[in-house]
Amino acid sequence: MKKIVALCKNRGFVFQSSEIYGGLKSAYDYGPLGVELKRNIMGEWWRDMVTTRENVVGIDASIIMKPDVWRASGHAAGFADPLVDCLVSKERFRADKAPRPAPGSEIPITCVDKGVAKDYAEQIEKRFGVVLDRDANVLHGMRAIDAATVGFFPKGAAAPLKTWPWRGYVSPLIGSPFLSDERQFNLMFRTALGAVDPMQDVSALMAEIGSAPDLAAAVKTKLGKDAETGAIAKALAENDRVKIIRALIEHVTGPHMAYLRPETAQAMFVQFKNVMDSQSLKPPFGIAQMGKSFRNEVTVEHFIFRSCEFEQMEMEFFCEPGTQGQWMDYWKDQRMAWWRRFANYPQDFTFRQHEKDELAHYADQCFDVDYKYPWGWSELEGIASRTDHDLHAHEDASGQKLRYVDQEKEDPATGKKPWAYRPFVIEPAAGATRAFLVYLLDAYHEDERKDADGKPVIRTVLKLHPRLAPIKCAVCPLVKKDGMPEKAREIIAAMLKAGINAKYDEKNSIGKRYAKHDEIGTPWCVTVDSQSIQDGTVTLRDRDTTEQVRIRVDEVVAQIRSRLDASI
């Protein structure tokens, strides 16, 4: 990963956002080569999922949607997850995803190394008054007494010396039971619609009643019936000043609030009927969308693997109820074949089926396409059978019928035609940002070669699939004289006219130019030399094999085009 991150910066794939100001955590900018690679990946996904299929169409929906959409989908509530801080390591994590030791089991605190273990042991002794037994990088002595109590057991002791109440889980990073209280964090980004800042109204309201000795009475007087319902009524009932102020802020700003979408999927459900009617579609059919989504991720990690701003490639496939099983099998096969098609190591992609306790309450099946990252297997794409849950939720919330009317089939409930039903949905949802990282990891190679003096040197090669490579071909004059640059420019012009992303390169020795293009994944290099001027031929070099062949100048464009077409 360190080599990938360094290559991304040095060669212009990915930069830290706002780097000259110290950078912004979890925000990245895609450089000249990165934006080409990402667009090529997304273009291949769109070609496979939409352009080459008669029954899948695309949309490009607004990033900002009416908040009612997110209330209906459950995101406005479900994305407010309980978060907890480890009081030792300062790790912040989701409480619902934390490991839960069995009652009666030991709770070892496992640190990165012995130095960190020593530091954590001193912190625990100072803050909690117990001396844990340190064995290399592991701290011993804590034990889960039951689901609600944790205790410190000195070495050899049968009874705890000290106990604490706890909630039955430990921090994922080090396994610490020393945790903060749970707090709610909204994982969706909020913004305000309208040119007037609603905080002005908040300031005016607080200036009027904020210093009142009896804030609850002042709120009731000011808001009247509005204080009798919702969050304000609940806060007033608890007579908690902090909660009352928070409820007041929500009351004033709420009408202006909107969210940046946390996923692209919901627009496809909301626009289901418009798309179906306008395009005269009938199930089975799909609606696809690519675009940016935003989440206040609890943990941002592994470079661009998990970040707050990311791009998705999703498709909602609407099918007749009862046929979702066969379509799940179909889309599983299709999606795995797509991932492996562009990979050097197809065995590094596998399926993981969700267990019953992992499934969302509305899903009847879900599979992850997992990839073997340097830190282990983890998700790349999810393929879920969502039943009719989303259409049902938006039907109920909007009052609009989101159904297909099949005039030729009988309604199973009545035995009569027509059958008006909410289609079931298969959702292949992939991350374009993760795909970018995965194909970089898959492509990164180092091999040992001999230099001109016979000394061993390490050659770094990005063996990107030709259709994904940012630059398809580099054209290099051997020297910057004798008509070679002019001939190379003619070849570049012909390639660009043919729609092939090619680059002219005359800087440094030809060996260094080859090495640079190997490192950025350019599949082929064309070299113009003195023989080119004499007989109209050039050298075509292959990135992966380093083999070189001689071809005519007027064959270069056709050769590159045929090799690109053959690679798919």
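(A) Representation of the overall build of the protein in the model. The helix and strand tally for the protein stands at 18 helices and 30 strands. Along the first, second and third principal axes, the C-alpha set of the protein runs to 95 × 75 × 55 Å. A total of 568 residues make up the protein; the buried ones form 47% of that total. Sequence-distant contacts in the protein: of pairs separated by 6 or more residues, those separated by 24 or more amount to 63%. Here the protein has roughly 28500 Å² of accessible surface; of this, 50% comes from carbon and sulfur atoms. Of the charged side chains in the protein, 78 are positive and 81 negative; the average position of the first set lies 3 Å away from that of the second.

(B) Expanded view of the sheet that holds strand E11 (residues 149-152). The three strands lie next to each other as E10-E11-E12, forming an open sheet whose pairing is antiparallel. At either margin of the open sheet sits one strand with a lone partner, and together these are strand E10 (142-146) and strand E12 (162-165). Strand after strand, the sheet turns through a mean of 30° between neighbouring axes, direction not considered. Across four bridges, the pairing between E11 and E12 is antiparallel. Looking at the pairing, Gly 151 lines up with Thr 163 of E12.

(C) Structural context of the side chain of Asp 505. Relative to the elements of secondary structure, Asp 505 occurs in the loop between strand E27 (502-504) and helix H16 (510-520). Side chain to side chain, Asp 505 and His 517 meet in a polar contact 3.0 Å long.

(D) How the structure looks around the packing of helix H8 (residues 230-238) against helix H9 (residues 241-253). Contact geometry for H8 and H9: axes closest at 8 Å, N-to-C directions at 165°. Relative to H9, H8 is oriented roughly antiparallel. The crossing of H8 and H9 is left-handed. Residues Ala 231, Ile 232, Ala 235, Leu 236 and Glu 238 of H8 lie in contact with H9, whose contacting residues are Lys 243, Ile 244, Ala 247, Leu 248 and His 251. The residue makeup of the contact of H8 with H9, split by class, is seven nonpolar, one polar and two charged.

(E) Representation of the pattern of salt bridges. What the rule picks out here adds up to 35 salt bridges. The closest approach of N and O atoms between Arg 335 and Glu 381, which form a salt bridge, is 2.9 Å. Of this pair, Arg 335 sits in helix H12 (residues 324-341) while Glu 381 sits in strand E20 (residues 376-387); the two residues are 46 residues apart in sequence, bridging distant segments of the chain. Taken individually, Arg 335 and Glu 381 each receive the classification buried, so the pair is uniform in this respect. Between Asp 370 and Arg 352 there is a salt bridge, with the nearest N and O atoms lying 3.9 Å from each other. Taken together, the residues span a long stretch of sequence, with Asp 370 in strand E19 (residues 365-373) and Arg 352 in strand E18 (residues 349-353) at a distance of 18 residues. Several salt bridges converge on common partners, so that one network encompasses Asp 447, Arg 449, Arg 459, Asp 518 and Arg 541.

(F) Quick look at the environment of Met 276. Mapped onto the elements of the fold, Met 276 is located in helix H11 (residues 272-279). Ignoring sequence-local partners within four residues, the contact set of Met 276 consists of Leu 281, Phe 285, Arg 403 and Tyr 404.

(G) Representation of helix H15 (residues 484-497) within the structure. In this model H15 runs 20 Å from its N-terminal to its C-terminal C-alpha over 14 residues, within 8% of the 20 Å that 1.5 Å per residue would give. Buried residues of H15: Met 484, Pro 485, Ala 488, Ile 491, Ile 492 and Met 495, and no others. All buried residues of H15 fall inside an arc of 120° around its axis, so they share one side. Where H15 is buried, its residues contact strand E26 (473-477), E27, strand E28 (524-528), helix H17 (530-535), strand E29 (537-542) and helix H18 (556-566). Gly 499, located one to two residues past H15, shows a positive phi value of around 85°.

Rules of the game
Residues numbered from 1 in each chain as written. Predicted model: local features only at pLDDT ≥ 70, side-chain atom pairs only at ≥ 80, totals over all residues. Heavy atoms only, no water. Helix = DSSP H or I, 4+ residues; strand = E, 2+ residues; numbered from the N terminus. Buried < 20%, exposed > 50% of the residue type's maximum accessible area, 1.4 Å probe, protein only. Contact = heavy atoms within 4.5 Å. Areas by Shrake-Rupley, 256 points an atom, 1.4 Å probe, with all protein chains shown as cover. Lys, Arg positive; Asp, Glu negative; His and termini not counted. Charge placed at Lys NZ, Arg CZ, Asp CG, Glu CD. Pairing = 2+ DSSP bridges. Axes fitted to C-alpha atoms, helices over the stretch in contact; angles between N-to-C directions. Polar contact = N/O pair within 3.5 Å; in protein donor to acceptor, adjacent residues only side chain to side chain. Parallel < 35°, antiparallel > 145°, perpendicular 65-115°, else oblique. Left-handed = near helix turned anticlockwise from the far one by under 90°. Nonpolar A, V, L, I, M, F, W, Y, C, P; charged D, E, K, R; others polar. Salt bridge = Lys/Arg side-chain N within 4 Å of Asp/Glu carboxyl O. Expected span 1.5 Å × (residues − 1). Arc of directions from axis to C-beta.

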